[in-house]
Amino acid sequence: MRIPFPPAGPRHSGGRRALLAAPLGLIAVIMVADLATGPDIHLGPLLVVAPALTATFGSARLTAAIGVVAVTAQIILGVLFGRTSTADHQTQTAALFLATAFLVAFRAVHERHQQALDRARWVADVAQKVLLKPLPAQIGPLELASAYVAAEAEAQIGGDLYAAVRARDATRVMIGDCRGKGFTAVGDAALLLGAFRAAAHRFPPLPRLVAHLHNIVYWESQEPADDLAAGEGFVTAAVLEIPDGLPRVRVIDCGHPPPLLVRGGEVVSLEVPDPYLPLGLGTATTEADYEAETFDFPDGDLLLLYTDGVIEARDAHGAFYPLTERLASWGERDPRRLVRRLHEDLLAHAGGSLGDDAALIAIRRKP
């Protein structure tokens, strides 16, 4: 099935049409000023400002149209002063024409680049929706919200991942961070997400599920490949199981930052005593190699899962993002509001862009 690109929208909004008055007004002002100063002062060369200004907001076609108006104005001034046959006027007219042609060509190249960039962004958005399916606002007795920020310029997806599935009378959630960036990390994320979604629904014991995920990443890293990073792939991950009828959460942490539990004005880090190796590191494993840790997760508490791109975000002075302090000071209990506020505050702390991908999931057990 082919997915068509979205149709191109109108090239000029009402705001841009209003901006069109600026270059036309400049042409009129320059003509009036040239006529007022007399034949000894030539202001015609200033007409090049009009197409140059248009190129900053208008299309190549609009820039060409304003350029034609500017050249026409230059010719009219020559006729009014009777200097159309002079070398000076002819040179000024030719220079204005060539400058306009250059601006039109520059704008046309810019438009082609912008169209390619728009399509790339659209493809990235589609890929994100396919790979990182938006989490539903509610799964069983749980309310969820999520956010993803890719570090790569112009990208909307990277190596961080998350997913949530229903399995009998429980919800299973995974959040992870693939080693590296770019296509390799995206490929590893796609592999792991597919394996998690396929296996978690069959409701194997949590240790068996994590062993399966580890082996998927491990054997993939052992496949022959031309990539220099082959054999070095791994994923830090936290895999959770939240039963519907018990105020508990079971966690297997594979080298991932521990979840944070927000309870009133207190923030508790759900650290396991001995985290396991990241998925894919070491050798193949079995379910006997893993054991889940159990923590209290009563009604009304809020659980935050995140990747290290959040806590490693730095401000202009090199200070890391104070996630725990922020959560404690806000006291936010609604998952959607918390994720939105945290997303905005994180970008503000980092100056608008992150050095690494970042993912967030907030989970609240409904009272």
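Residues numbered from 1 in each chain as written. Predicted model: local features only at pLDDT ≥ 70, side-chain atom pairs only at ≥ 80, totals over all residues. Heavy atoms only, no water.

A.B. asks: Could you clarify how one ought to interpret the UniProt feature "transmembrane region" (unreviewed entry) in the protein in this entry?
C.D. replies: In the UniProt entry, the feature "transmembrane region" (unreviewed entry) is given for residues 59–81 and 93–110. Annotated as residues 59–81, this span is 96% helix and 0% strand, and its ends, taken at the C-alpha atoms, are 33 Å apart. Between the C-alpha atoms that bound residues 93–110 the distance is 26 Å, and the span itself is 100% helix and 0% strand. (UniProt positions renumbered as here; feature names shortened; annotations may be inferred. Helix = DSSP H or I, 4+ residues; strand = E, 2+ residues; numbered from the N terminus.)

A.B. asks: Got a minute to help me understand the side chain of Thr-171 in this structure?
C.D. replies: Looking at the element boundaries, Thr-171 is found in strand β4 (residues 170–178). At a separation of 3.0 Å, a polar atom in the side chain of Thr-171 contacts the side chain of Arg-166. Leave out the neighbours within four places in its chain, and Thr-171 touches Ile-139, Leu-142, Val-165, Arg-166, Leu-240, Glu-241, Ile-242 and Asp-244. (Polar contact = N/O pair within 3.5 Å; in protein donor to acceptor, adjacent residues only side chain to side chain. Contact = heavy atoms within 4.5 Å.)

A.B. asks: Before we go on, may I ask you to explain the packing of helix α2 (residues 21–37) against helix α4 (residues 60–81) in this structure?
C.D. replies: A pair of packed helices is captured by two measures, namely the crossing angle of their axes and the spacing between those axes. Look at α2 against α4: their axes get within 11 Å of each other, and the N-to-C directions meet at 10°. On the basis of their axis angle, the class for α2 and α4 is roughly parallel. Mapping the contact onto sequence places Pro-23, Leu-24, Ile-27, Met-31, Asp-34 and Leu-35 in α2 and Ile-66, Val-69, Ala-70, Ala-73, Ile-76, Leu-77, Leu-80 and Phe-81 in α4. Taken together, the residues that form the contact of α2 with α4 break down as 13 nonpolar, no polar and one charged. (Axes fitted to C-alpha atoms, helices over the stretch in contact; angles between N-to-C directions. Parallel < 35°, antiparallel > 145°, perpendicular 65-115°, else oblique. Nonpolar A, V, L, I, M, F, W, Y, C, P; charged D, E, K, R; others polar.)

A.B. asks: How do you make sense of the nonpolar core when you look at a structure like this?
C.D. replies: Side chains of nonpolar character tend, in soluble globular proteins, to be buried together. One finds Leu-161, Phe-196, Leu-213, Val-249, Leu-279, Leu-303 and Ile-363 to be the most contacted residues of the largest nonpolar core, which totals 52 residues. No other element matches the eight residues that helix α6 (residues 182–200) contributes to this core. Beyond its immediate sequence surroundings of up to four residues, Ile-363 is in contact with Leu-142, Glu-143, Leu-144, Val-173, Ile-242, Phe-297, Asp-301, Leu-302, Leu-303 and Leu-305. Grouped together as the second largest cluster of nonpolar side chains are 24 residues, Val-310, Leu-338, Ala-350 and Ala-358 included. (Core = buried A, V, L, I, M, F, W, Y, C linked by side-chain atoms within 4.5 Å. Buried < 20%, exposed > 50% of the residue type's maximum accessible area, 1.4 Å probe, protein only.)

A.B. asks: How should I be thinking about unusual backbone geometry in this particular structure?
C.D. replies: Glycine aside, the phi torsion of most residues is negative, and most peptide linkages are trans. Phi at Arg-168 is positive, roughly 55°, even though this residue is not glycine. Position of Arg-168 relative to the elements: it lies in the loop between β3 (160–167) and β4. Positive phi values are uncommon outside glycine, yet Phe-203 reaches one of about 60°. Position of Phe-203 relative to the elements: it lies in the loop between α6 and α7 (206–222).

A.B. asks: Is there a simple way to explain α7 in this structure?
C.D. replies: Residues separated by three or four positions in an α-helix point in the same direction, a consequence of the helix having 3.6 residues per turn. Spanning 17 residues, α7 covers 25 Å between terminal C-alpha atoms, matching the ideal 24 Å at 1.5 Å per step. Residues Leu-206, Pro-207, Leu-209, Val-210, Ala-211, Leu-213, His-214, Asn-215, Val-217, Tyr-218 and Ser-221 constitute the buried set of α7. (Expected span 1.5 Å × (residues − 1).)

A.B. asks: What exactly am I supposed to notice about the sheet that holds β3 here?
C.D. replies: Two orientations exist for strands paired in a sheet by backbone hydrogen bonds: parallel and antiparallel. The five strands lie next to each other as β3-β4-β5-β6-β9, forming an open sheet whose pairing is antiparallel. Lying at the two open borders of the sheet, with one neighbouring strand each, are β3 and β9 (293–296). Taking each pair of neighbouring strands and ignoring which way they run, the sheet shows an average axis angle of 20°. Of the strand pairs in this sheet, strand β5 (residues 235–243) and strand β6 (residues 248–254) are connected by five bridges, and their pairing is antiparallel. Note on β6: the bridge partner recorded for Leu-240 is Val-251. This element, α7, spans β4, β5 and β6 of the sheet and lies at about 155° to β5. (Pairing = 2+ DSSP bridges.)

A.B. asks: I tried to follow the sheet that holds strand β7 (residues 260–263) on my own but got confused; where do I start?
C.D. replies: Spatial ordering of the open sheet is given by β1-β2-β11-β10-β7-β8, a layout of six strands whose pairing is antiparallel. Strands at the two margins of the open sheet, each flanked by one partner only, are β1 (138–139) and β8 (266–269). Taken together, the three bridges between β7 and strand β10 (residues 302–306) define a ladder with antiparallel strand orientation. In the sheet register, Val-262 faces β10, and the bridge partner there is Leu-302. Packed on one face of the sheet, helix α9 (residues 323–330) meets β7, β8 and β10 and runs near 20° to β7. Relative to the sheet, helix α10 (residues 335–349) contacts β2 (142–149), β10 and β11 (358–365), its axis offset from that of β2 by approximately 20°.

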